[in-house]
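A structural walkthrough
For reference, the chains in residue letters:
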Amino acid sequence: MVYGKDEEGNPLFDIRRGFWLHVDGALGAAYLPFVEMAHNRNLLNEKGPIFDFRNPAVMSVGCSMHKWLGGPWPSGIFMTRTGYQLLPPDAASSFLGTPDTTLGGSRSAFSPMILWDYFSRMSYEDNMNKAVETENISAYLEAELFKFESELKAKFGKEVDLWIARSRLSLTVRFRLVNETLNYKWSLDTDRLWVPVNESKRQLRSYSHIFVMHSVGKERIDAFLADLRENCKTDWHIAFPKIDLSAVPPAPNPEFQKE
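Just so it is clear, the structure is predicted and the values come from calculations on it, not from any experiment.

What follows concerns the nonpolar core. Ranked by size, the top nonpolar core spans 25 residues in total, and within it Tyr-31, Val-35, Phe-51, Val-61, Trp-68 and Leu-69 carry the most contacts. Counting only elements with at least two residues in this core, the list comes to helix 1 (28–40), strand 4 (60–64) and helix 4 (124–156). Take this core: its biggest share by element is 8 residues, from helix 1. Once you skip the residues sitting within four places of it in the chain, Tyr-31 turns out to touch Trp-68, Ala-131, Glu-135, Leu-169, Ser-170 and Leu-171. Of all hydrophobic cores here, the second largest spans 24 residues; its members include Val-160, Ile-164, Ile-221 and Phe-224.

Applying the stated criterion across every chain yields a total of 1 cavity of 30 Å³ or more. Each pocket or cavity is described by its volume, and for the largest cavity that value is around 30 Å³. Together, Leu-32, Pro-33, Glu-36, Lys-47, Pro-49, Phe-51, Asp-52 and Arg-54 line the largest cavity. A breakdown of the residues in the lining of the largest cavity according to their chemical character gives 4 nonpolar, no polar and 4 charged.

Before going further, it helps to examine the packing of aromatic side chains. Summed over all chains, the structure comprises 9 aromatic pairs. An angle of 45° between the planes, with centres 5.8 Å apart, marks the rings of Phe-175 and Phe-224 as tilted. Placement of Phe-175 in strand 6 (residues 172–176) and of Phe-224 in helix 6 (residues 218–231) is noted, with a sequence separation of 49 residues between them. Of the residues examined, Phe-175 reaches a relative accessible area of 0% and is grouped as buried. Judged by relative accessible area, which is 2%, Phe-224 ranks as buried. An angle of 45° between the planes, with centres 6.4 Å apart, marks the rings of Trp-236 and Phe-240 as tilted. Judged by relative accessible area, Phe-240 falls into the buried class, the value being 0%.

A few words now on the side chain of Glu-149. Along the chain, the position of Glu-149 falls in helix 4. One buried charge, Glu-149, has no salt-bridge partner; the nearest side chain with opposite charge is Lys-153, at 5.0 Å. Within the local environment of Glu-149, its side chain forms a polar contact with the backbone nitrogen of Leu-162, the two atoms lying 2.8 Å apart. Not counting residues within four places of it along the chain, the set of residues in contact with Glu-149 comprises Val-160, Asp-161, Leu-162, Trp-163 and Ile-164.

Throughout the structure, instances matching the rule amount to 10 salt bridges. The shortest N-O distance in the salt bridge between Arg-168 and Glu-46 comes to 3.1 Å. You can see Arg-168 sitting in the loop between helix 4 and strand 6 and its partner Glu-46 sitting in the loop between helix 1 and strand 4, a full 122 residues away along the chain. Linking Lys-185 and Asp-227 is a salt bridge whose minimum nitrogen-to-oxygen distance equals 2.7 Å. With Lys-185 in helix 5 (residues 180–185) and Asp-227 in helix 6, this residue pair connects regions lying 42 residues apart in the sequence. Lys-185 sits in the exposed class, given a relative accessible area of 51%. Look at Asp-227 and you get buried, because its relative accessible area is 18%. Through salt bridges with shared partners, a single ionic network connects Glu-36, Asp-52 and Arg-54.

Calculation notes
- Residues numbered from 1 in each chain as written.
- Predicted model: local features only at pLDDT ≥ 70, side-chain atom pairs only at ≥ 80, totals over all residues.
- Heavy atoms only, no water.
- Core = buried A, V, L, I, M, F, W, Y, C linked by side-chain atoms within 4.5 Å.
- Buried < 20%, exposed > 50% of the residue type's maximum accessible area, 1.4 Å probe, protein only.
- Helix = DSSP H or I, 4+ residues; strand = E, 2+ residues; numbered from the N terminus.
- Contact = heavy atoms within 4.5 Å.
- 1 Å grid on protein atoms, 1.4 Å probe; cavity = no way out; pocket = protein on both sides within 12 Å on 5 of 7 lines; lining within 4 Å.
- Points joined across faces, edges and corners; volume = space filled by probe spheres on them.
- Nonpolar A, V, L, I, M, F, W, Y, C, P; charged D, E, K, R; others polar.
- Phe/Tyr/Trp six-rings, centres within 6.5 Å; stacked < 30°, edge-to-face > 60°.
- Lys, Arg positive; Asp, Glu negative; His and termini not counted.
- Salt bridge = Lys/Arg side-chain N within 4 Å of Asp/Glu carboxyl O.
- Polar contact = N/O pair within 3.5 Å; in protein donor to acceptor, adjacent residues only side chain to side chain.

This is the structure:
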């Protein structure tokens, strides 16, 4: 692809592959490198996928500062291979005195300072230990939910199913949607997903989920589970209400319009 000419008038060109593979690492890109570091030191059994520039197909990676890193306001980091960098707009240099190398002219001086402050105080060792801790807490939450589900099955029957799900090395644990009071008290987020239940059938499910950040410890998880147990003393559907899907239709999804 020809995009200009050099000083001698020769064409400037770049070889394009016809696609751009961007990794949306909003949450995971901040901690998975430290998970890999912990795995290399035999502190975790798994290390996760290679999603960065070691994978030759990856052209750019994005990461949020305000999630796992704990930045005080929404901000992000965008990294791209040098060979595919976008040229900054020339017009910006007239009033900045320098080319504008940020996306959309977003020149916040505070976000880079916050990131610099974080890594000046938190070593790779500190971040590795933080990643191990959050992974262990996520696994603890998942295990305790399965334990709680077994208790409910013993009390109310085998029809109890809390739809507990956690992807490999994920800090997100999903489970059946809780009632509004619990949802508000614990500030839980919700999802409505089509889930395959067998080879030919899908089911629309409403989930609550918890992101296990560094501030979520075992004490908070135990308190949340205590609330669930209190709500399920007489009927497990008090904590996990039945949802009338006909009253709350899902967002349009072309793939499942026939459902």
